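An overview of the molecular structure
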Amino acid sequence: MIKDLISALQDMLFPKRCALCGEVIEIDETLCADCKKLERIKAPLCLKCGCEKADCVCNKSRRSPEYKAVVAPYYYCHGDCVSAGVLNCKMHDMPQLTAAQGDEISKAVSDFYELVDFDFVTYVPMSFYAEHQREFNQSRLLAERVGKNLGLPVKSVIFKKHKTKMQKRQSAADRFVNMYNAFGLCKDADVSNKTILLIDDVKTTGATLSSAALTLKAYGAKAVYCAVYGIVTVSYTHLRAHETSLH
């Protein structure tokens, strides 16, 4: 009876949470109902934006990314369980979610980049101040999980040169300006002639990934491929309307 009471108290104080999104679940479950129903992004897809061909709007954009390709296991939509997992990880101190999220990224990398021979995995860095405040970089944790799953070394090769405005508060166009020249190469980092897998949590316009990839290529990287947990898919019309509303 005492054991049952202790167990009930532990359940109240430390409830079981979904491995992907962090929502409270039954003790005998691993994922919540919504995460169990998640549909993976499937081929054929556009490697420029990472979306399925049916959802791609790249022909309406004049920008070409600096990275070779980007893939993800899922789409990221405001209010869904993918966005909940990302936000719970970053804003509600749940870095443990990067384990299952990293596993999902690893599957996408294996599925879509099966013919690519990577030299190492790296990640999008945070500014010193931002990482000090959060006490972890979720992109680094994701990269470490991916590296472990795929048997690849994980290296810190770029750093953020200065604090930038929050990307989620910028219009699509301003995101690229905001991230211009944001990264530098770490001292003694060797990226020359390397094929690199770059990890982040979410890709919206691709501005952050493109800026990081440009830095790596400027220092001699052979190719930069990207992988994220969630890709924001939005129609070009909606994106333009959103940009206009912010100006």
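Residues numbered from 1 in each chain as written. Predicted model: local features only at pLDDT ≥ 70, side-chain atom pairs only at ≥ 80, totals over all residues. Heavy atoms only, no water.

On to the overall build of the protein. The helix and strand tally for the protein stands at nine helices and seven strands. With 247 residues in all, the protein has 43% of them scored as buried. Long-range contacts, defined as pairs at least 24 residues apart, comprise 72% of the intrachain contacts of the protein with a sequence gap of at least 6. With the model as given, the accessible surface of the protein reaches about 13,700 Å², and the carbon-plus-sulfur share is 53%. (Helix = DSSP H or I, 4+ residues; strand = E, 2+ residues; numbered from the N terminus. Buried < 20%, exposed > 50% of the residue type's maximum accessible area, 1.4 Å probe, protein only. Contact = heavy atoms within 4.5 Å. Areas by Shrake-Rupley, 256 points an atom, 1.4 Å probe, with all protein chains shown as cover.)

Next up on the list: the confidence of the model for the protein. Averaged over every residue, the pLDDT of the protein is 85; the share at 70 or more is 80%. When the criterion is pLDDT under 50, residues 3–10 qualifies, and its contacts beyond four places in sequence or with other chains add up to one contact. Low pLDDT (under 50) marks residues 167–178, which in the prediction has 28 contacts with non-local residues, meaning those over four places away or in another chain. (pLDDT = per-residue confidence, 0-100.)

Glancing now at the packing of helix H4 (residues 97–112) against helix H6 (residues 138–150). Put simply, H4 and H6 touch, their axes get as near as 8 Å, and they point 55° apart. Comparing their axes, H6 and H4 come out oblique. At the point where H4 passes H6, the crossing takes the right-handed sense. Together, Thr98, Ala99, Gln101, Gly102, Asp103, Ile105, Ser106, Val109 and Ser110 of H4 and Gln138, Leu141, Leu142, Arg145, Val146, Asn149 and Leu150 of H6 make up the contact between the two elements. Here the contact of H4 with H6 is composed, by residue class, of seven nonpolar, seven polar and two charged. (Axes fitted to C-alpha atoms, helices over the stretch in contact; angles between N-to-C directions. Parallel < 35°, antiparallel > 145°, perpendicular 65-115°, else oblique. Left-handed = near helix turned anticlockwise from the far one by under 90°. Nonpolar A, V, L, I, M, F, W, Y, C, P; charged D, E, K, R; others polar.)

For serine 139, the position within the fold is in helix H6. Overall, serine 139 belongs to the buried group, its relative accessible area being 1%. A distance of 2.6 Å separates the side chain of serine 139 from the side chain of aspartate 200, its partner in a polar contact. When residues no more than four places from it in sequence are discounted, the contact partners of serine 139 are Tyr123, Val124, Ile199, Asp200 and Asp201. (Polar contact = N/O pair within 3.5 Å; in protein donor to acceptor, adjacent residues only side chain to side chain.)

We now examine the side chain of serine 106. With respect to the helices, strands and loops of the structure, serine 106 is situated in helix H4. Taking the relative accessible area as the measure of exposure, serine 106 reaches 5% and is therefore buried. If we skip the residues at most four places from it in the chain, serine 106 touches Arg145, Val146, Asn149 and Leu150.

Turning our eyes to something else, we now look at unusual backbone geometry. In this model, alanine 43 is joined to proline 44 through a cis peptide bond whose omega is 0°. In this fold, proline 44 is placed in the loop between helix H2 (33–36) and strand E1 (69–71). Positive phi, close to 55°, is recorded for aspartate 93, a residue that is not glycine. Tracing the sequence through the fold places aspartate 93 in the loop between helix H3 (81–91) and H4. Look at aspartate 93 and you get exposed, because its relative accessible area is 56%. Positive phi values are uncommon outside glycine, yet aspartate 188 reaches one of about 70°. Turning to its location among the elements, aspartate 188 is positioned in the loop between strand E5 (183–185) and strand E6 (195–203). A residue is classified by how much of its surface remains accessible, and aspartate 188, at 74% relative accessible area, is exposed.

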